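Coordinates in review
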Amino acid sequence: MPKTETFDRNQVLERATQVFHQKGYNGTSMQDLVDATSLNRSSIYNSFGNKLNMFIEVLAYYQQINTTDFNQGLSQSYNANEAIKAIFDIHLYRILNDDDRKGCLIVNCKSEMTNQEPLITSFMEKHQERMIAVLEDIVSKGQMEKVFNEKQTANQYALYLFTSIQGLQMTGILNKNKEDLKALINTITQVLN
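Quick look at the structure, then. (Residues numbered from 1 in each chain as written. Predicted model: local features only at pLDDT ≥ 70, side-chain atom pairs only at ≥ 80, totals over all residues. Heavy atoms only, no water.)

1. Digging into the packing of helix α1 (residues 9-27) against helix α2 (residues 30-37)
Applicable threshold: To define axes, lines are fitted to C-alpha atoms, for helices over the stretch in contact only, and angles between the resulting N-to-C directions are given on a 0 to 180 degree scale. Under the DSSP-based scheme used, a helix requires at least four consecutive residues in state H or I and a strand at least two consecutive residues in state E, with every element numbered from the N terminus. Between 65 and 115 degrees an angle is taken as roughly perpendicular, under 35 as roughly parallel, over 145 as roughly antiparallel, and anywhere else as oblique. Helix crossings get a hand from a simple test, with the near helix turned counterclockwise from the far one by less than a right angle marking a left-handed crossing and a clockwise turn marking a right-handed one. Contact criterion: two residues are considered in contact whenever any of their non-hydrogen atoms come within 4.5 Å of each other. Note that Gly is not counted as nonpolar here; it falls among the polar residues with everything else outside the nonpolar set of Ala, Val, Leu, Ile, Met, Phe, Trp, Tyr, Cys and Pro and the charged set of Asp, Glu, Lys and Arg.
Running from N to C, α1 and α2 point in directions that differ by 155 degrees, and their axes come no closer than 9 Å. Between α1 and α2, the interaxial angle falls into the category roughly antiparallel. For the element pair α1 and α2, the recorded crossing hand is right-handed. Residue-level inspection shows Val12, Arg15, Ala16, Val19, Phe20, Lys23 and Gly27 of α1 in contact with α2, the latter providing Asp32, Leu33, Ala36 and Thr37. Partitioned by chemical class, the residues of the contact of α1 with α2 number 6 nonpolar, 2 polar and 3 charged.

Now the structure itself:
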């Protein structure tokens, strides 16, 4: 009979997220996870299997939190132009409030681990596909509303915006100047007009 977990899984994932976000996957030891979560090694192994499985669950947890924020911002948008603005406002807010200069866990993971582990590659591919699909839908609506041009397809613009958002997140690790970042966002989004 499997043992029942006697801890709050989301609380453990939050603490593990902080460690992985600070140190990266390769820099995080099992002892770091034991210290951060207050679980012993056997509890971590019994509940998550191994460090990699825990990291995959952390990525999904982090993605879920960001998706909730993202959807909340989009729900307040009345048209495609406002939706794109909301997306960049959310990222700008996160960059400006990232006092530890950690950046985005998913973007960091993409550069650290995507080519090292098939499970992570699969997670990152699905994340990218999902994000591009959301952006493509917004751009397509903007093109139908005639607020975005049709020089490129909605899919091509979606890939451009996705790539630009990742670049903005990386730039924001070192550059916290709000005016610089707003000017960069303006340059990115002008392509759609």
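2. Quick look at the packing of aromatic side chains
What counts, and what does not: Side-chain rings of Phe, Tyr and Trp (the six-membered ring for Trp) are treated as a pair once their centres are within 6.5 Å; stacked means planes under 30 degrees apart, edge-to-face means over 60, and tilted covers the remaining angles. Accessible area is worked out with a 1.4 Å probe on protein chains only. A residue is then buried under 20% of its type maximum, exposed over 50%, and partly exposed in between. Counting as a charge over the ring demands two things of the Lys NZ or Arg CZ atom: a distance within 6 Å of the ring centre and an angle within 35 degrees of the ring normal.
Tallied over the full model, the rule gives 3 aromatic pairs. Ring geometry for Tyr25 and Phe55: centres 5.0 Å apart, planes at 50 degrees, overall tilted. One end of the pair, Tyr25, is in helix α1; the other, Phe55, is in helix α4 (residues 51-75), with 30 residues separating them in the sequence. Residue Tyr25 shares its accessibility class with Phe55, and that shared class is buried. Here Lys51 stacks its cationic end above the ring of Tyr25, 4.4 Å away from the centre of that ring.

3. Quick look at the nonpolar core
Note the threshold: Put simply, buried Ala, Val, Leu, Ile, Met, Phe, Trp, Tyr and Cys residues joined by side-chain atoms within 4.5 Å make one nonpolar core.
Ranked by size, the top nonpolar core spans 29 residues in total, and within it Phe20, Leu33, Ile44 and Met54 carry the most contacts. Taken together, the elements giving at least two residues each to this core come down to α1, α2, α3 (41-48), α4, α6 (105-113) and α7 (118-144). For this core, the element with the highest residue contribution is α4, accounting for 7 residues.

4. With respect to helix α9 (residues 178-190)
The criterion, for reference: Expected helix span is given by 1.5 Å per residue-to-residue step, counting one fewer step than there are residues. To be clear, the arc concerns the directions from the helix axis to the C-beta atoms. Whenever two N or O atoms come within 3.5 Å, that pair is a polar contact, provided that in protein one can donate a hydrogen and the other can accept it, and provided that, for residues adjacent in sequence, both atoms are side-chain atoms.
Counted at 1.5 Å a residue, the expected span for α9 with its 13 residues is 18 Å, and the 18 Å between its end C-alpha atoms agrees. For α9, the complete set of buried residues consists of Leu181, Ile185, Ile188 and Thr189. Buried residues in α9, looked at end-on, bunch into an arc of 90 degrees, giving them a common side. Exposed residues pointing more than 90 degrees away from the buried face of α9 are listed as Glu179 and Thr187. Among the structural elements, α5 (80-96) and α8 (154-174) are those in contact with the buried residues of α9. Looking at where α9 begins, the residue whose side-chain oxygen comes 3.0 Å from the main-chain nitrogen of Glu179 is Asn177.

5. Things to note about the state of the cysteines
Short version of the rule: Working definition: a disulfide is two cysteine sulfur atoms within 2.5 Å of each other.
The tally for this structure, following the rule as stated, stands at 0 disulfides. Note on Cys104: no disulfide assigned, nearest cysteine sulfur contributed by Cys109 at a separation of 9.6 Å. By relative accessible area, which is 12% here, Cys104 ends up buried.

6. Some details on the environment of Ile132
Tracing the backbone shows Ile132 in helix α7. Contacts of Ile132, omitting those with residues within four sequence positions, involve Asn155, Ala158, Leu159 and Phe162.

7. Some thoughts on unusual backbone geometry
For Ser38, which is not glycine, the phi dihedral falls at a positive 65 degrees. As for its placement among the helices and strands, Ser38 is situated in the loop between α2 and α3.

8. Concerning α4
In a regular helix each residue adds 1.5 Å, so 25 residues correspond to 36 Å; α4 covers 36 Å between its end C-alpha atoms and thus fits that length. Between the side-chain oxygen at the start of α4 and the backbone nitrogen of Leu52 there is a gap of 3.1 Å, and the oxygen is on Asn50.

9. With respect to the pattern of salt bridges
Cut-off, in case you're wondering: Salt bridge, as used here, is a side-chain nitrogen of Lys or Arg placed within 4 Å of a carboxyl oxygen of Asp or Glu.
Inspection of every chain in the model, using the stated rule, returns 5 salt bridges. For the salt bridge of Lys85 with Asp89, the shortest nitrogen-to-oxygen distance reads 2.8 Å. Of the two residues, Lys85 and Asp89 are both situated in helix α5; the distance of 4 residues between them amounts to about one turn of the helix. A relative accessible area of 52% places Lys85 in the exposed class. One salt bridge in this structure joins Asp137 and Lys141, with 3.2 Å as the shortest N-O distance. A residue pair is termed a helical-turn pair when its members lie 3 or 4 positions apart in one helix, as Asp137 and Lys141 do in helix α7 at 4 residues.

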